[in-house]
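# Structural features, examined
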Amino acid sequence: VKNLPFKIKPEELYDIFGKFGPIHQIRLGNASDTKGTAFVVYEDIFDAKNACEHLSGFNVANRYLIVLYHQPERMQKQLDVKKKTQEIKDLKE
C-alpha cells in the first residue's frame, strides 16, 4: 500500500483492510524512505484480491491509496537496472 498518511496507526489499517477478510500481518513503513507505505498480508489470496480491487483509490485523510500486489520480480529488475546503470557509468569514467 502506498500514499498512506504518515500519522496513520496500525489499528486504523486493520479497520480499513480487515473488512475484506482475516489479516495475517500488517507492516507499516517507518523509515524515511518507507513512510506512507505498508504491507498488508491476508490469510486468503481472494481476500487480498478483493481488497486490492476495492481499496485502490480509496480516500484516507485526503490521500488516495495506491494498493498493489507485492511483485518481488519487478523489484529485482529495478535493482538490476540501477546496478547496470552504475556499471556503465563506472566504465565511462
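Relevant structure appears above.
Before going into details, it helps to say that this report is about the structure given with it. (Residues numbered from 1 in each chain as written. Predicted model: local features only at pLDDT ≥ 70, side-chain atom pairs only at ≥ 80, totals over all residues. Heavy atoms only, no water.)

Here helix H2 (residues 45-55) has its buried residues at Asp 47, Ala 51, Cys 52 and Leu 55. Taken around the axis of H2, the buried residues stretch over an arc of 135 degrees, which confines them to a single face. Along H2, exposed side chains directed more than 90 degrees from the buried face belong to Ile 45, Phe 46 and Glu 53. Packing partners of the buried residues in H2 comprise helix H1 (10-17) and strand S2 (38-42). One side-chain oxygen at the N-terminal end of H2 lies 3.1 Å from the backbone nitrogen of Phe 46; it belongs to Asp 44. Gly 57 sits one or two residues past H2 and shows a positive phi near 95 degrees. (Buried < 20%, exposed > 50% of the residue type's maximum accessible area, 1.4 Å probe, protein only. Helix = DSSP H or I, 4+ residues; strand = E, 2+ residues; numbered from the N terminus. Arc of directions from axis to C-beta. Contact = heavy atoms within 4.5 Å. Polar contact = N/O pair within 3.5 Å; in protein donor to acceptor, adjacent residues only side chain to side chain.)

Moving on: the pattern of salt bridges. This model, assessed by the stated rule, comprises one salt bridge. Between Glu 53 and Lys 49 there is a salt bridge whose closest N-O contact spans 2.5 Å. In this pair, Glu 53 and Lys 49 both sit in helix H2, four residues apart, roughly one turn of the helix. Overall, Lys 49 belongs to the partly exposed group, its relative accessible area being 39%. (Salt bridge = Lys/Arg side-chain N within 4 Å of Asp/Glu carboxyl O.)

Keep in mind that these numbers describe shape and distance, not what the molecule does.
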